[in-house]
Amino acid sequence: MAIWVDENTRVLTQGITGRNGAFHTRQCLAYGTKIVAGATPGKGGETFDGKIPVFDGVHQALKEVEAEASMIFVPAPAAADAIMEAADAGIKVIVCITEGIPVLDMVRVKRFLVDHPAILIGPNCPGIISAERSKLGIMPGYIHKRGTIGVVSRSGTLTYEAVYQLSALGFGQSTCVGMGGDPVHGVGFIDVLKAFQDDPETEGIVLIGEIGGSDEEAAAAFIKENVTKPVVAFVAGRTAPAGKRMGHAGAIIMGSSGTAAHKIETFERCGIRVAENPAVIGEAMKRALDEAKR
Amino acid sequence: MNIHEYQAKELFKSFGIAVPRGQLVETPQEALAAAKALGTFPVVLKAQVHAGGRGKAGGVKLARSLEEVQELASQILGMKLVTRQTGPKGKIVRKLLVEEGLEIQKELYLASLVDRQKERVVVMASTEGGMEIEEVAKETPEKIFQVHVDPAYGLLGYEAKGLALKLGLGQDLVAQGTKTIQGLFRAMIELDCQMAEINPLIVTKDGKVLALDAKVVFEDNGLFRHSNLQGLLDEFEEDPKELVARKQGINYISVDGNIGCLVNGAGLAMATMDIVKLFGGEPANFLDVGGGASKDQISEAFRLILQDERVKGILVNIFGGILRCDELAKGITEAAKEIELSVPLVVRLEGTNAPEGREILKASGLAIIPAANMADAAKRIVQAVSPA
């Protein structure tokens, strides 16, 4: 098990002929991901690296091959459309790596997904990886070890940091999901927490949040009511100034809402262990698991 | 991207929103001419800076005669305006909006923005204009009215009319109110705004609905669709280092400390600042070189940090994914050799090609303090910058 993707998941890359799309398609193939097709308008009929058929679009591809998931590297101006194209064609898990999609485009995408259900991960995210089985994204594969910890995060490199610490302490991972740092995005903490709670392979959960919005607060309340597995949280941005967008479009403190202090306080109030600093996320998970065993 | 009130009002006008007559000036002489042209008194002089709270700080004045216009305009232009949004450094006023004074009957509030929770554009209106909307939300939330717009249909006519009526814009005002609300929503969508706000929206004693103030923030991700709007950026209002960084594709935000931070990824960059603070240091900046930064971008980022004379030490924290640590190490050695490195430099490298990167740094002959992990790195840099 694992959540949403595993060694049997067949994947199509949208934007396979672009610089990033090509590079990461190769990286994912090397990791063991089953990439069965690519799509780039105008390149239909070509072959990627002599083995993967390229089509003009997702509908066109799915006439010839079967795929459940797609990975999107299409540039920002066309990325929202690529998500809707995949959903309409019947793709079930859509991973959008693209950074810089206008928020109003994402508002339309989310409306579209009401009528065309799919699991959307991202945009502006590292993707999803079920360790040692399948990777749909840009994370360095080698830091991941197969195991029982589920990781969900709004950040990229901070997730690598946490995973690295977990692996070093001997805690492998079931699945790691990078939800992305945009204000309007696909799956949220609660969707992923629900999936981890239901996944028999996952025994503990690391949740990495950051300033901006109130997703962390909602997640804390959800965990208190619905998650029985040990959870460790970390929130980045204690020192972030108000009103400044900290790299991610969604990471901004507006007025008094969205502060790290409020999020941390909410987690603690809901009985969730919070890692005091980013260097001890792995250790905090270890302690939480030890406690749960007692 | 922020713009000035006068620019926002120009844009609003093109969406059918009524605004007071006025003119932008940069000298007291121009202010006099503008007041004469308006041909009415009083006139309002409004400092144009990117910050709220201008009135309380003395940046908005009423002038009842040409003499007063001359006097007040001289006072405001060139003054350092310190509001709760500018910080203690304040902002120098370089532009002034001269507007006709109006007799106000009612002050209302109107705004449009993206509601992250509901993932929709919301149009928000309140009968409590001229106040901080956050205050209204806290004290009297029942006085805020909202419509969450279905993107499949846009803001429907009856929804806009309903909001106007809730604002008390009945009878002969309902048409003006509806038109203003629809105009604001269209501006929000067509200009890719993060927020468009009118506070206050006023009803004058002679029965006109006008935007007395205007605030527009464009969403940076949407700017590629609007090459015409990019010219509205007032570079004087921006932090010069942040401006340089943005042009290089680096996310840089200056804060108040003395430890320069160079990190890849926004979340890790924030977390690095946090851990520096936790160990007793003060970060000088947030800096995210991005996921796939090149050697040149790294050098540029390094230069940016070194140009900050407050910086007494630098912490580099990299978790290589797409960004390879050997590339990073080359960028650092290049920049450090070019600009004489006079402050302690702590480097923590992990991830893709980290051993190669560490080797390059070691071979460079630079006085680099290596760190084993994030906590170790933070401790070392804090120690290095504290007075012995």
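Scroll up to find the structure this text is about.
What you see is a predicted model; the values in this text were computed from it and never measured.

Student: Help me understand unusual backbone geometry in this model?
Tutor: A:P123 follows A:G122 through a cis peptide bond whose omega is 10°. Cis geometry is found at the peptide bond from B:N199 to B:P200, where omega equals 10°. By secondary structure assignment, the location of B:P200 is in strand β10 (residues 193-204). Phi is positive for B:N353, close to 60°, though the residue is something other than glycine. Topologically, B:N353 is positioned in the loop between β17 (345-351) and α11 (354-363). Using a relative accessible area of 26% as the deciding quantity, one classes B:N353 as partly exposed.

Student: Just to check I follow, could you spell out the sheet that holds strand β3 (residues 60-63) of chain B for this structure?
Tutor: The strands that make up a sheet pair up through hydrogen bonds in the backbone, lying either parallel or antiparallel. Residue and element names in this part refer to chain B. In space, the four strands of this open sheet follow the order β1-β6-β2-β3, with antiparallel pairing throughout. Lying at the two open borders of the sheet, with one neighbouring strand each, are β1 (22-25) and β3. The sheet shows a mean angle of 20° between the axes of neighbouring strands, direction not considered. Where strand β2 (residues 43-47) meets β3, four bridges bridge the pair, whose relative direction is antiparallel. Counterpart to V44 in the pairing with β3 is L62. Most of the contacts of helix α3 (residues 66-76) go to β3, to which it runs at about 165°, and overall it touches β2, β3 and β6 (96-100).

Student: Any chance you could explain the pairing of strand β10 (residues 146-153) of chain A here in plain terms?
Tutor: Each regular strand carries side chains that alternate between the two faces of the sheet. Residues and elements named next belong to chain A. Among the eight residues of β10, six are classified as buried, and the element is accordingly described as predominantly covered. In this sheet, strand β11 (residues 173-178) lies alongside β10 in parallel orientation, the contact comprising five bridges. Within β11, the position partnered with R146 by the bridge is Q173. This β-α-β element, β10 to helix α5 (residues 157-168) to β11, shows right-handed connectivity. Inspection of the sheet shows β10 paired to strand β12 (residues 204-210) by five bridges, in the parallel sense. When the bridges of β12 are listed, S153 appears paired with I208.

Student: It is not clear to me how helix α9 (residues 281-293) of chain A should be interpreted in this structure. Could you clarify?
Tutor: Owing to its 3.6 residues per turn, the α-helix brings residues three or four apart onto one side. Residues and elements named next belong to chain A. Under the 1.5 Å per step criterion, the end-to-end length of α9 is 19 Å for 13 residues, consistent within 8% with the ideal 18 Å. Every buried residue belonging to α9 is among I281, G282, A284, M285, A288 and L289, and all of these are buried. Down the axis of α9, the buried set is contained in an arc of 160°. They therefore lie on one face. Tucked into the core, α9 has its buried residues touching β10, α5, β12, β13 (231-236) and β14 (273-274).

Cut-offs applied
- Each chain carries its own residue numbering, running from 1 in the direction its sequence is written.
- Whichever chain is written first is A, and whichever ligand is written first is 1; the rest continue in order.
- Per-residue local features are limited, in this predicted model, to residues with pLDDT of at least 70; the limit for side-chain atom pairs, both in listing and counting, is 80 or more; totals at the level of whole chains, interfaces and linings are taken over all residues.
- Water and hydrogen atoms were dropped before computing side-chain values, which therefore reflect all heavy atoms in the structure.
- What counts as a helix is a DSSP run of H or I of at least four residues, what counts as a strand is a run of E of at least two, and both are numbered from the N terminus.
- Partly exposed residues are those whose accessible area sits between 20% and 50% of the maximum for their type, while under 20% is buried and over 50% is exposed, using a 1.4 Å probe and protein chains only.
- The pairing criterion for strands is at least two bridges between them, as found by DSSP.
- Angular values range over 0 to 180 degrees, each being the angle between N-to-C directions of two axes fitted as lines to C-alpha atoms, with helices fitted over their stretch in contact.
- Whether two residues are in contact is decided by their heavy atoms, any of which lying within 4.5 Å being enough.
- Seen with its strands pointing away from the viewer, a crossover is right-handed when the path leading from the first strand over the helix to the second is clockwise.
- The span you would expect from a helix comes to 1.5 Å times its residue count less one.
- The arc under discussion is defined with respect to the helix axis, by the directions toward the C-beta atoms.

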